[in-house]
2 protein chains.
Amino acid sequence: MLKLTKKADYGLIAVKHLAELGPNGSCSAKDIAEAYHLPAEALAKILQKLVKSKLLVSHHGTNGGYALARDARQISALEVIRAIDGPLFITSCLPYDTGGCEQSGCCTVREPLRQVNESIRALLEDIKISDMRDSRQRHTAAAPTTQLEELVTLR
Amino acid sequence: MLKLTKKADYGLIAVKHLAELGPNGSCSAKDIAEAYHLPAEALAKILQKLVKSKLLVSHHGTNGGYALARDARQISALEVIRAIDGPLFITSCLPYDTGGCEQSGCCTVREPLRQVNESIRALLEDIKISDMRDSRQRHTAAAPTTQLEELVTLR
DNA sequence: CGATGTACGACCTTTTAAGTCGTATATCAA
DNA sequence: TTGATATACGACTTAAAAGGTCGTACATCG
């Protein structure tokens, strides 16, 4: 029902953690798992996927670990999610090129849902790791909104 | 991975079908199931949920069936989805009031994701059944965009 | 070489989705 | 009033996906 998998959640947490270490910051899978109480071996496999997708780089051996492959402002939430969960489709009959389901031809909601899908995709693509801040504490203050808040309050 | 369930798909198809019958149009679950090759008994249960949620009204007996409870312009995609799949949350740790997961307290992505969730919710809430049109055929023509296209091309 | 770490595949468990079956109940029409 | 048509509803079964574990191999540093 329109949920991210836990793997994607874990991935976002880990990437955000690496981002907060600053440029050249590095960290092992085990360290991240302990910091957020995540299953270490599951997280390791997620991080490996992110390396394959060129979002992270890995370093073997003593004091090894993972680091961002590029600036946090150039990594979108969509990229992380897509690297872990695969392409993002709101319904199983998307995308069009894979033949579609038994209902194709008489299904009248497919194209409208594709548009919705594209809209969500665009939203996630614009949200960069560097935008992800917890803004709850600032409710009373007249502080300027975060970039994420601006993006998310589109309409 | 951010998918609607098939049940929600079926529900949207059925509600859209009823909408296309025009006001006072009525149709049995079996008719809809046959028209779109959907499992009849599963669809019936979905329609019953929509009746409970006051989106449809049902009529027993010969020539009975289901009909929209109100105008198609006043039924949002979100309402249909929520009636079938329950409340819409992008992650399992939302909403805040149910205690949260083991990571709460150290999870740094929860609030950003809540904002994303709210944005998607608002998007689906604005899309009414009457907005759901297939606009593929009009690619060549310089026709005005549909309401859905406007909504969906937010940015 | 040994400690520390990533890399990777196989496997198991749990949860959720999806669909089926059986039965009860309401309504209309002949 | 009886039979055909429909909805209403719960229990059950099957199938698929998510989530997590285990074992092993390989790379690097000190």
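Conventions and cut-offs
Residues numbered from 1 in each chain as written. Chains lettered and ligands numbered in written order. Predicted model: local features only at pLDDT ≥ 70, side-chain atom pairs only at ≥ 80, totals over all residues. Heavy atoms only, no water. Least-squares fit on C-alpha atoms with pLDDT ≥ 70 in both. Contact = heavy atoms within 4.5 Å. Buried area = accessible area lost by both parts, 1.4 Å probe. Salt bridge = Lys/Arg side-chain N within 4 Å of Asp/Glu carboxyl O. Polar contact = N/O pair within 3.5 Å; in protein donor to acceptor, adjacent residues only side chain to side chain. Helix = DSSP H or I, 4+ residues; strand = E, 2+ residues; numbered from the N terminus. Pairing = 2+ DSSP bridges. pLDDT = per-residue confidence, 0-100. Near = heavy atom within 4 Å. Buried < 20%, exposed > 50% of the residue type's maximum accessible area, 1.4 Å probe, protein only. Core = buried A, V, L, I, M, F, W, Y, C linked by side-chain atoms within 4.5 Å. Nonpolar A, V, L, I, M, F, W, Y, C, P; charged D, E, K, R; others polar. Axes fitted to C-alpha atoms, helices over the stretch in contact; angles between N-to-C directions. Parallel < 35°, antiparallel > 145°, perpendicular 65-115°, else oblique. Left-handed = near helix turned anticlockwise from the far one by under 90°.

Digging into the relation of the copies chain A and chain B
Thinking step 1. Least-squares fitting of chain A to chain B yields an RMSD of 0.0 Å, with the superposition described by an axial translation of 0.0 Å and a rotation of 180°. Such a turn and shift between the copies fits a two-fold axis. For chain A, the residue whose C-alpha comes nearest the rotation axis is Leu2(A), separated from it by 2.1 Å.
Thinking step 2. A share of 98% of the interface residues of chain A reappears at the interface of chain B, consistent with the copies meeting face to face through the same patch.

Some remarks on the interface of chain A and chain B
It is common to report an interface's size as the accessible area lost on association of the parts.
Thinking step 1. Taken residue by residue, the interface counts 49 residues in chain A and 49 residues in chain B.
Thinking step 2. Here chain A meets chain B over a buried area of about 4900 Å², counting both sides, of which 65% is carbon and sulfur.
Thinking step 3. At the boundary of chain A with chain B, the tally comes to zero salt bridges.
Thinking step 4. Taken together, the connections running from chain A to chain B amount to four residue pairs in polar contact (both at pLDDT 80 or more).
Thinking step 5. Counting residues per element, the ones that place at least two in the side of chain A that touches chain B are helix 1 (6-20), helix 2 (29-36), helix 5 (110-126) and helix 6 (147-152) of chain A.

A few points about the pairing of strand 2 (residues 65-68) of chain B
Residues and elements named next belong to chain B.
Thinking step 1. With four bridges connecting them, strand 1 (residues 56-59) and strand 2 associate as antiparallel partners. Its bridge partner being in strand 2, Ser58 is matched across the sheet by Tyr66.
Thinking step 2. Here strand 1 hands over to strand 2 after five residues, with Gly61 in that stretch at a positive phi of 80°.

Some words on the confidence of the model for chain A
Thinking step 1. Residues of chain A with pLDDT of at least 70 account for 79%, and the chain-wide mean is 84.
Thinking step 2. A low-confidence stretch, residues 137-145 of chain A stays under pLDDT 50, and its non-local contacts, those more than four residues away or across chains, total four contacts.

A word on the protein's contact with DNA strand D
Thinking step 1. Taken together, 25 residues surround DNA strand D, and among them Lys6(A), Glu41(A), Ala29(B), Lys45(B) and Ser58(B) come closest.
Thinking step 2. Close to the protein, within 4 Å, the atoms of DNA strand D belong to sugar or phosphate groups at a rate of 62%.
Thinking step 3. Ser58(B) is positioned such that a nitrogen or oxygen atom in its side chain is 2.7 Å from a phosphate oxygen of DNA strand D.
Thinking step 4. At the level of secondary structure, the elements contributing two or more residues to the surface near DNA strand D comprise helix 1 and helix 3 (40-52) of chain A together with helix 3 (40-52), strand 1 and strand 2 of chain B.

With respect to unusual backbone geometry
Thinking step 1. Of note in the backbone geometry, His37(A) takes a positive phi value of approximately 55° without being a glycine.
Thinking step 2. Relative to the helices and strands, His37(A) is located in the loop between helix 2 and helix 3.
Thinking step 3. Given the relative accessible area of 55%, His37(A) is considered exposed.
Thinking step 4. For Asn24(B), which is not glycine, the phi torsion reads 65° and is therefore positive.
Thinking step 5. Residue Asn24(B) is classed as exposed on the basis of its relative accessible area, which comes to 79%.

Brief notes about the nonpolar core
Thinking step 1. Grouped together as the largest cluster of nonpolar side chains are 88 residues, with contacts concentrated most on Leu50(A) and Leu50(B).
Thinking step 2. Those residues in contact with Leu50(A) that lie beyond four places of it in its chain are Gly11(A), Val15(A), Leu55(A), Leu56(A), Val80(A), Ala83(A) and Ile84(A).

Description of the pattern of salt bridges
Thinking step 1. Inspection of the entire model under this criterion finds 12 salt bridges over all chains.
Thinking step 2. Across the pair Arg70(A) and Glu79(A) runs a salt bridge, and its minimum N-O distance is 2.9 Å.
Thinking step 3. In this structure Arg70(A) comes out as partly exposed when scored by relative accessible area, which is 29%.
Thinking step 4. We note a salt bridge from Arg121(B) to Glu118(B), for which the minimum N-O separation is 3.0 Å. With Arg121(B) and Glu118(B) both in helix 5 (residues 110-126) and three residues apart, the pair spans about one turn of that helix.
Thinking step 5. Taking relative accessible area as the criterion, Arg121(B) reaches 22% and is therefore assigned partly exposed.
Thinking step 6. Looking at Glu118(B), the relative accessible area reads 35%, which means it is partly exposed.
Thinking step 7. Bridged by salt links that share partners, the residues Glu118(A), Arg121(A) and Glu125(A) form one connected network.

Observations concerning the protein's contact with DNA strand C
Thinking step 1. The environment of DNA strand C is formed by 24 residues, the closest being Ala29(A), Lys45(A), Ser58(A), Tyr66(A) and Glu41(B).
Thinking step 2. In the model, a phosphate oxygen of DNA strand C is placed 2.6 Å from a nitrogen or oxygen of the Ser58(A) side chain.
Thinking step 3. Side-chain polar atom of Tyr10(B) to a phosphate oxygen of DNA strand C: 3.4 Å apart, as the coordinates give it.
Thinking step 4. Contributions of two or more residues to the surface near DNA strand C are made by helix 3, strand 1 (56-59) and strand 2 (65-68) of chain A together with helix 1 (6-20) and helix 3 of chain B.
Thinking step 5. Residue classes in the surface near DNA strand C are distributed as six nonpolar, 12 polar and six charged.

Observations concerning the packing of helix 5 of chain A against helix 5 of chain B
Thinking step 1. Where helix 5 of chain A contacts helix 5 of chain B, the axes come no closer than 11 Å and their chain directions differ by 155°. Here helix 5 of chain A lies roughly antiparallel to helix 5 of chain B, going by the angle between them. Once helix 5 of chain A is placed against helix 5 of chain B, the crossing between them reads as right-handed. On the side of helix 5 of chain A, the interface is formed by Val116(A), Ser119(A), Ile120(A), Leu123(A) and Leu124(A), while helix 5 of chain B contributes Val116(B), Ser119(B), Ile120(B), Leu123(B) and Leu124(B).

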